[in-house]
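# A look at the structure
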Amino acid sequence: MRNDSATMDGTVQYSILGTVRVSRGDTELALGPPKRLALLSLLVLRAPGPVSASDAVDVLWDGEPPTSAVNVVHRHIGALRRLLEPGLLSRTDAEHLARAADGYRLLVDTSTSDLLRFRDLRTRAHLALKDGHRAQAAEHFVEALRLWRGPVVADGTSVARHPVFTSVGHDFVATVKEATDVVLASAPALTEEVLAALRGAVDRHPFDEALHSRIIAALAAGGRQAEALQQFETVRRTLADELGVEPGPALRAARQDLIRHDLPPADDRPVVRTAVAGPAIHLPADCVPYTDRREARNRYRELRSPEDAGNSPATTIVLCGMAGVGKTTLAVHWAHRTADDFPGGRIHVDLQGHHASRPPLGTTEAMNTVLDTLGVPRSGITDAAALEVAYRGALAGRRLLLVLDDARDCEQVRPLLPASADCLAVVTSRRRLEGLTVTHNAQMITLDPMTPQEGRELLEHRLGTDRIRRERASAEKIVELCAGLPLALAVTGARALSRPRFPLASLAAELQDSLLALSSQDVRTDTRSVFHRSYVALSAGAAKLFRLLSLHPSCGITPKAAASLAGTELRTTLMHMAELTDHHLLAQTLPGRYTCHDLLRAYATELCSALDTAGVRAQARARMFEHYLYSAEAATALLAPHRGEVVLPPPRPGVRPHEFSGSAEAAEWITAERLLLPALAQEVRHHPHGETLRRTLNATLEISPRHNGV
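Residues numbered from 1 in each chain as written. Predicted model: local features only at pLDDT ≥ 70, side-chain atom pairs only at ≥ 80, totals over all residues. Heavy atoms only, no water.

## Structural notes on the sheet that holds strand 13 (residues 587–590)
The strand order 12-14-13 describes an open sheet built from three strands, whose pairing is antiparallel. Each edge of the open sheet carries a strand with a single partner, namely strand 12 (556–557) and strand 13. (Pairing = 2+ DSSP bridges. Helix = DSSP H or I, 4+ residues; strand = E, 2+ residues; numbered from the N terminus.)

Take a look at the structure:
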């Protein structure tokens, strides 16, 4: 219960973008000793997410923490509760500092936390850019920068140097850069504000050439060319004296722009193109909050910073995976997080390889998109060859990141790949694009579905820790039914948000029934529509095999079993399976073994019921049963040669049973199919020779390879 008479008036405000402050109304609260202040800072930083006791210990103690560290954290939490809510009688009624599943959570929003407000404004700016509203984006960026009063936790406490806090400083620097590019291009009246933010950022990052190049561009945009040239000379001397290096491409380009252009007076001066004076940035908004994809992230880091000093970092990375697995989200997130690595710019190009309503983007359109972003004039370019020359010339000498998103095939991508070793192209596609590994030494990262832990984190980010904690079993069931597919989890999360009074168990029950639970009126997020755009790209033979694979009792299958299902030659089936694998509608998990994602199997089942007649389905099942019957008989004959002779009817056309070279191979097959054969023995009762099939399959199961010397 709460003692209402003790309730304090006024909203509590939290500030950590500079000296840490907490105020209630007009009164600033005394936060206490450094450890308590640092703990509160961590709670504000992580809000609205939780902070576990172990996380707090890691941040608050530089070296080895004392054995009493956890107790110290709990005591500080109690003191903070009393400070924030002096009238609180029961912590279960806390409105400021609440208990979370794995720690504590500060209950703040964009109106009470300067950091959340900063992040919200930055997200709004990104969304405005995405929609083409550049002036509005500039206003949001500048409003975000106005919140920044200095380094995070600038009280001189030791935690200010901890990476969890310095990372926020990196976000500020990235925002300053983004704001400058947009302001100089679309809102010149705000130039002085971003110039002040640039100077503040460069004071803390004196060797960041991208910041210096933007200062030069901002000074030039204000008609202060002499001051801009002096800025270049100052940073040139600093780099030479402190690091022994010359200015990089971005700074050199800024200086060349100053020398090359005789700018008119400021009132008549055209807007300076930031693509020339500074890095070009054209990215969709980052996903906030973001769910880390650890395995793919680690692989990306390995490719960009190879341990073997004799190797060069990859210049083309293909990020491939099935529809809805999160390729675009991951690539865009990488692009946002690597600003310092690519001072020449970061450009996203949607190649529309599997777009819901538009055709794939042509080479000319893609090149023009990049050149427009870089601010490269194209007067006099009349043919494709001249355009390619201009494109190659624009990329040369720049440290640039190109995100070539949703590629249809290798040929769509090849003309766009940069030749410069300083550039990186990240290509996303539902296809494997193995040809690029041959022609351009591309490195491939296959993005698998989320792990159960990552899936739970995604739901927590969307629904909140408290709701997931209250219905943990149902949340885990949803993650399982969505089979780790981020799109499915996001759609389910959106549905749960729209039904806050519905238990998660009801959503799990809907998912159990069919794909209808993942339907949407938006073709870009409707799971069935997203899958369909991969399906329609298949050849007729591969499409039919995809449908018939849904009749198999297990998600794992061998090529000969698949050939029997389809009634086709093994070579033809292998070609179709390779096509399905290329489109990530099928995955090869082991040599000779393929599997299909659970949601793709559900989609294939719907297609098979709608497009294949009952007769076609019955014949496919009969061939599948006979495949396993004759394979089981061949294995049994090798492993139990003295058993009684079994007389089987001849197999129907199209059945491709396994032929084993010896007892070891037969035993491996039985072991691999040990979970499948009982299910088949139960299903064969409708087959014309069902009883014979059942007895043979059961007899095979009774054979123990270990007892036969295998």
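## Some words on the packing of aromatic side chains
Following the criterion strictly, the structure yields nine aromatic pairs and no others. Ring centres of Tyr-300 and Trp-334 lie 4.1 Å apart, and the angle between their planes is 20°; this geometry places the pair in the stacked category. Residue Tyr-300 is found in helix 12 (residues 294–304), and its partner Trp-334 is found in helix 13 (residues 327–337); the two are separated by 34 residues along the sequence. Side by side, Tyr-300 and Trp-334 carry an identical accessibility label, which is buried. Between Tyr-535 and Tyr-603 the ring centres are 6.3 Å apart and the planes differ by 85°, which places this aromatic pair in the edge-to-face class. (Phe/Tyr/Trp six-rings, centres within 6.5 Å; stacked < 30°, edge-to-face > 60°. Buried < 20%, exposed > 50% of the residue type's maximum accessible area, 1.4 Å probe, protein only.)

## Side note on the nonpolar core
Grouped together as the largest cluster of nonpolar side chains are 88 residues, with contacts concentrated most on Ile-478, Phe-546 and Leu-580. Ranked by residues supplied to this core, first place goes to helix 28 (residues 614–639) with seven residues. In this structure Ile-478 touches Leu-459, Leu-489, Thr-492, Leu-504, Leu-507, Ala-508 and Leu-511, once residues within four positions along its chain are discounted. In terms of nonpolar packing, the next biggest core, distinct from the first, is built from 77 residues, Leu-37, Ala-137, Ile-215 and Leu-239 among them. (Core = buried A, V, L, I, M, F, W, Y, C linked by side-chain atoms within 4.5 Å. Contact = heavy atoms within 4.5 Å.)

## Observations concerning the environment of Leu-31
Within the secondary structure, Leu-31 sits in the loop between strand 3 (27–28) and helix 1 (34–46). With 49 residues separating them along the chain, Leu-31 and Leu-80 place their C-alpha atoms 7.9 Å apart. Those residues in contact with Leu-31 that sit more than four places away from it in its chain are Val-20, Val-22, Arg-36, Leu-37, Leu-40 and Leu-83.

## Concerning the environment of His-552
Mapped onto the elements of the fold, His-552 is located in the loop between helix 24 (540–548) and strand 12. As for His-552 and Leu-680, which are separated by 128 residues in sequence, their C-alpha atoms are 9.4 Å apart. Apart from residues lying up to four places away in sequence, His-552 is in contact with Ile-557, Leu-565, Arg-601, Met-624, Tyr-628 and Leu-676. Side chain to side chain, His-552 and Tyr-628 meet in a polar contact 2.7 Å long. (Polar contact = N/O pair within 3.5 Å; in protein donor to acceptor, adjacent residues only side chain to side chain.)

## Notes on unusual backbone geometry
A positive phi angle, near 50°, is found at Leu-433, a position not held by glycine. Look at Leu-433 and you get buried, because its relative accessible area is 3%. The backbone phi angle of Ala-483 is positive, close to 55°, even though this residue is not glycine. Tracing the sequence through the fold places Ala-483 in the loop between helix 20 (472–481) and helix 21 (486–498).

## Quick word on helix 1
Spanning 13 residues, helix 1 covers 18 Å between terminal C-alpha atoms, matching the ideal 18 Å at 1.5 Å per step. All buried positions along helix 1 are accounted for by Leu-37, Ala-38, Leu-39, Leu-40, Ser-41, Leu-42, Leu-43, Val-44 and Leu-45. (Expected span 1.5 Å × (residues − 1).)

## Quick word on the confidence of the model for the protein chain
Counting all residues, the mean pLDDT for the protein chain is 82, and 85% of those residues have values of 70 or more. The lowest-confidence element of the protein chain is helix 11 (residues 274–277), averaging 38 in pLDDT; the highest-confidence one is strand 10 (residues 424–429), averaging 96. Within the model, pLDDT remains below 50 along residues 262–277, and this stretch shows 39 contacts once partners closer than five positions in the same chain are excluded. Overall, residues 704–710 carries pLDDT values under 50, and its contacts beyond four positions in sequence, including any with other chains, amount to 10 contacts. (pLDDT = per-residue confidence, 0-100.)

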